[in-house]
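As a plain string of letters, each chain reads:
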Amino acid sequence: MVFNRLCDPESKLGTLRWLETVALPGVALKQADHQHLLRAVDALLEHREEVDLTISHLLRPLIDQELAIVFYDLTSITTEGGARQEEEIRQFGLSKEGGIARQVMLGVVQTADGIPLWHEVFEGKT
C-alpha cells in the first residue's frame, strides 16, 4: 500500500488492481486481498503514535528548510452509505457544497512546498 500511495494513489481495492500491473525488484508479493489491506490499516492505527514519530524522523532530513512557515488546511469529505456504527466518526455537518451532509473533516499541516507533515480526521460536525 505504501508503494501504491507513493506511485499511483488508489483506494484499497484499487491497490489490489495496481498490484497486478507492477513488478517490485527484490520484493516478493504474496497474494493479498481486501481483508489483508483493511487489517493492515487497523494495525497501523493501533501503533499510530510510534508510526508518526518514526515517519517524522525519517522525513525531517528530506525537508530542507527551517519550517518557519507551515500551512493548515481543514476540509470536509462527504461520505455515502446509510449504515451506522457505534462511536462513528461520520456525522452530519455543513458541507463545503453548502448543504448538510454526512461527512468527516480532514485537517492537514504541510510545508510551503506541499509536503504533508501531519494529519488528523475529525468528526463531521467539527
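Colleague: How do you make sense of the pattern of salt bridges when you look at a structure like this?
Modeller: Two side chains bearing opposite charge may form a pair once their charged atoms approach each other closely. Counted by the stated rule, this structure contains three salt bridges. Residue arginine 48 is joined to aspartate 52 by a salt bridge in which the shortest nitrogen-to-oxygen separation is 3.3 Å. Highlighted residues: arginine 48 and aspartate 52, both in helix α4 (residues 48-59), separated by four residues, approximately one helical turn. On the basis of relative accessible area, arginine 48 is assigned to the partly exposed category, the value being 30%. Among the ionic contacts, a cluster of salt bridges with common partners joins Glu88, Arg90 and Arg102.

Colleague: Just to check I follow, could you spell out the pairing of strand β4 (residues 116-123) for this structure?
Modeller: The side chains of a regular strand alternate between both faces of the sheet. Note: strand β3 (residues 100-111) against β4, seven bridges, orientation antiparallel. Paired with methionine 105 across the two strands is phenylalanine 122, which belongs to β4. From the end of β3 to the start of β4, which pair antiparallel, there are four residues, and glycine 114 there has a positive phi angle of about 90°.

Colleague: Can you walk me through the side chain of arginine 90 in this structure?
Modeller: The residue arginine 90 is located in the loop between β1 (70-78) and β2 (91-94) in this model. On the basis of relative accessible area, arginine 90 is assigned to the buried category, the value being 17%. There is a polar contact of 2.3 Å between the side chain of arginine 90 and the side chain of glutamate 88. If we skip the residues at most four places from it in the chain, arginine 90 touches Thr79, Glu80, Gly81, Ala83, Arg102, Gln103 and Val104.

Colleague: Please explain the layout of surface pockets as it appears in this structure.
Modeller: Think of a ball as big as a water molecule: rolled over the atoms, this probe shows where empty space is left. The space that makes up the largest pocket amounts to roughly 1700 Å³. Forming the walls of the largest pocket are 31 residues, and the residues nearest its centre are Arg5, Leu44, Asp52, Ile55 and His119. Counting only elements with at least two residues in the lining of the largest pocket, the list comes to α1 (2-7), α3 (34-46), α4, β3 and β4. By residue class, the composition of the lining of the largest pocket is 20 nonpolar, three polar and eight charged.

Colleague: Just checking my understanding: could you explain the packing of helix α2 (residues 12-19) against α3 for this structure?
Modeller: When two helices pack together, their arrangement is given by the angle between the helix axes and by the axis-to-axis distance. Relative orientation of the contacting elements α2 and α3 amounts to 120°, with a least axis distance of 9 Å. Here α2 is positioned oblique relative to α3, judged by the angle of their axes. The interaxial crossing formed by α2 with α3 has right-handed handedness. Along its contact with α2, which presents Lys12, Leu13, Thr15 and Leu16, the element α3 presents His34, Leu37, Leu38 and Val41. Residue composition of the contact of α2 with α3, by class: five nonpolar, two polar and one charged.

Colleague: Mind showing me how you'd approach a nonpolar patch on the surface here?
Modeller: Judged by side-chain polarity, Val70, Tyr72, Leu74, Leu117 and Trp118 come together as a nonpolar surface patch covering roughly 440 Å² of accessible area. Counting residues per element, the ones that place at least two in the nonpolar patch are β1 and β4. With three residues, β1 is the single largest residue contributor to the nonpolar patch. Tracing the sequence through the fold places tyrosine 72 in strand β1.

About the criteria used
- Residues numbered from 1 in each chain as written.
- Predicted model: local features only at pLDDT ≥ 70, side-chain atom pairs only at ≥ 80, totals over all residues.
- Heavy atoms only, no water.
- Salt bridge = Lys/Arg side-chain N within 4 Å of Asp/Glu carboxyl O.
- Helix = DSSP H or I, 4+ residues; strand = E, 2+ residues; numbered from the N terminus.
- Buried < 20%, exposed > 50% of the residue type's maximum accessible area, 1.4 Å probe, protein only.
- Pairing = 2+ DSSP bridges.
- Polar contact = N/O pair within 3.5 Å; in protein donor to acceptor, adjacent residues only side chain to side chain.
- Contact = heavy atoms within 4.5 Å.
- 1 Å grid on protein atoms, 1.4 Å probe; cavity = no way out; pocket = protein on both sides within 12 Å on 5 of 7 lines; lining within 4 Å.
- Points joined across faces, edges and corners; volume = space filled by probe spheres on them.
- Nonpolar A, V, L, I, M, F, W, Y, C, P; charged D, E, K, R; others polar.
- Axes fitted to C-alpha atoms, helices over the stretch in contact; angles between N-to-C directions.
- Parallel < 35°, antiparallel > 145°, perpendicular 65-115°, else oblique.
- Left-handed = near helix turned anticlockwise from the far one by under 90°.
- Patch = residues over 30% accessible without salt bridge, like charges linked within 9 Å, V, L, I, M, F, W, Y side chains within 5 Å.
- Areas by Shrake-Rupley, 256 points an atom, 1.4 Å probe, with all protein chains shown as cover.

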